[in-house]
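# Chain and residue survey
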Amino acid sequence: MKKHTHTYPKKALMRCMKNFLCQFGIAGIPSYNKPYSGKANILKDDPNWLPEGPSHRKNDLGVKRFGKGYLAYAGGGKDSRSNQLIVALGNNERLGGGSPWEVPWGEVVGEESFRTLDGIYNGYGDNGPGQGRLRKEGSSEGVARDFPKLDYVLGCDVIDSR
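Description of the structure in this document.

Thresholds applied
Residues numbered from 1 in each chain as written. Predicted model: local features only at pLDDT ≥ 70, side-chain atom pairs only at ≥ 80, totals over all residues. Heavy atoms only, no water. Helix = DSSP H or I, 4+ residues; strand = E, 2+ residues; numbered from the N terminus. Buried < 20%, exposed > 50% of the residue type's maximum accessible area, 1.4 Å probe, protein only. Contact = heavy atoms within 4.5 Å. Core = buried A, V, L, I, M, F, W, Y, C linked by side-chain atoms within 4.5 Å. Pairing = 2+ DSSP bridges. Disulfide = S-S within 2.5 Å.

## Focus: the overall build of the protein chain
A tally of helices and strands in the protein chain yields three helices and nine strands. Along the protein chain, helices and strands appear, N-terminal first, in the series β-β-β-β-β-β-β-α-α-α-β-β. Scored against the burial criterion, the 162 residues of the protein chain give a buried share of 39%. In the protein chain, 69% of the contacts between residues at least 6 apart in sequence involve partners at least 24 apart.

## Here's the deal with the nonpolar core
One recurring pattern in soluble globular proteins: nonpolar side chains tend to sit buried together. In terms of nonpolar packing, the biggest core is built from 11 residues, these being Leu13, Cys16, Cys22, Phe24, Leu71, Leu85, Val87, Leu89, Val108, Leu117 and Ile120. Mapped onto this core, the elements with two or more residues apiece are strand E4 (21–24) and strand E6 (85–88). If we skip the residues at most four places from it in the chain, Val87 touches Phe20, Leu21, Cys22, Phe24, Gly69, Tyr70, Leu71, Val108 and Leu117. The next biggest cluster of nonpolar side chains, apart from the first, holds nine residues, and it includes Met14, Ile26, Phe147 and Leu150.

## What to know about unusual backbone geometry
Working note: non-glycine residues mostly have negative phi, and peptide bonds are mostly trans. The residue Asn19 is not glycine, and still its phi comes out positive at about 60 degrees. By the secondary structure assignment, Asn19 is in the loop between strand E3 (15–16) and E4. For Asp79, which is not a glycine, the phi torsion comes out positive at approximately 50 degrees. Inspection of the secondary structure assignment puts Asp79 in the loop between strand E5 (70–73) and E6.

## Points about the pairing of E4
Of the two faces of E4, the one holding Leu21 and Gln23 and the one holding Cys22 and Phe24 are both buried throughout. Across two bridges, the pairing between E3 and E4 is antiparallel. Paired with Arg15 across the strands is Gln23, a residue of E4. Joining the antiparallel neighbours E3 and E4 is a turn of four residues, in which Asn19 adopts a positive phi near 60 degrees. Note: E4 against E6, four bridges, orientation antiparallel. Along E6, the bridge assignment pairs Leu21 with Ala88.

## Some words on the pairing of E5
Relative to strand E7 (residues 106–107), E5 is paired through two bridges, and the arrangement is antiparallel. Bridging from a neighbouring strand, Tyr70 pairs with Glu107 of E7. Across three bridges, the pairing between E5 and E6 is antiparallel. If you follow Leu71 over to E6, its bridge partner there is Val87.

## A short note on the state of the cysteines
This model, assessed by the stated rule, comprises one disulfide. The disulfide partner of Cys16 is Cys22, and the S-S distance across this bridge is 2.1 Å. Across the pair, exposure class does not vary: Cys16 and Cys22 are buried alike.

Below is the structure:
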């Protein structure tokens, strides 16, 4: 097994809503976001392996399709994805099934990981630092002063089992 450690500038968990989702991915150093800016750098939607539309947001047993811990790209329309991701903070039906840019591609696993999800501060909801401010300032002292309870991603380990 190979382990690769990647240290990224602090990424704010910027749009976290209780039992719904948490959005993140804007780098803490503004210049690191440049490769993900502009129409030419937008990621195309992946093929949706889930049936689309509101009628498919729950299965026949009533299980909501975008389970707690599922990960997907954040987007605001067709082919609108960039370096931002969302993680589900609870089982919900509003994600996964209605939008091709919200196709789950991974999930958080393990009891410790779910405890971490439960501990993410969600009191700012949609009123935390805006995307424009984070792109411009990154994880600045001003952002930390104005949003002292904001949580951050501080690093990432990629484990290759090959």
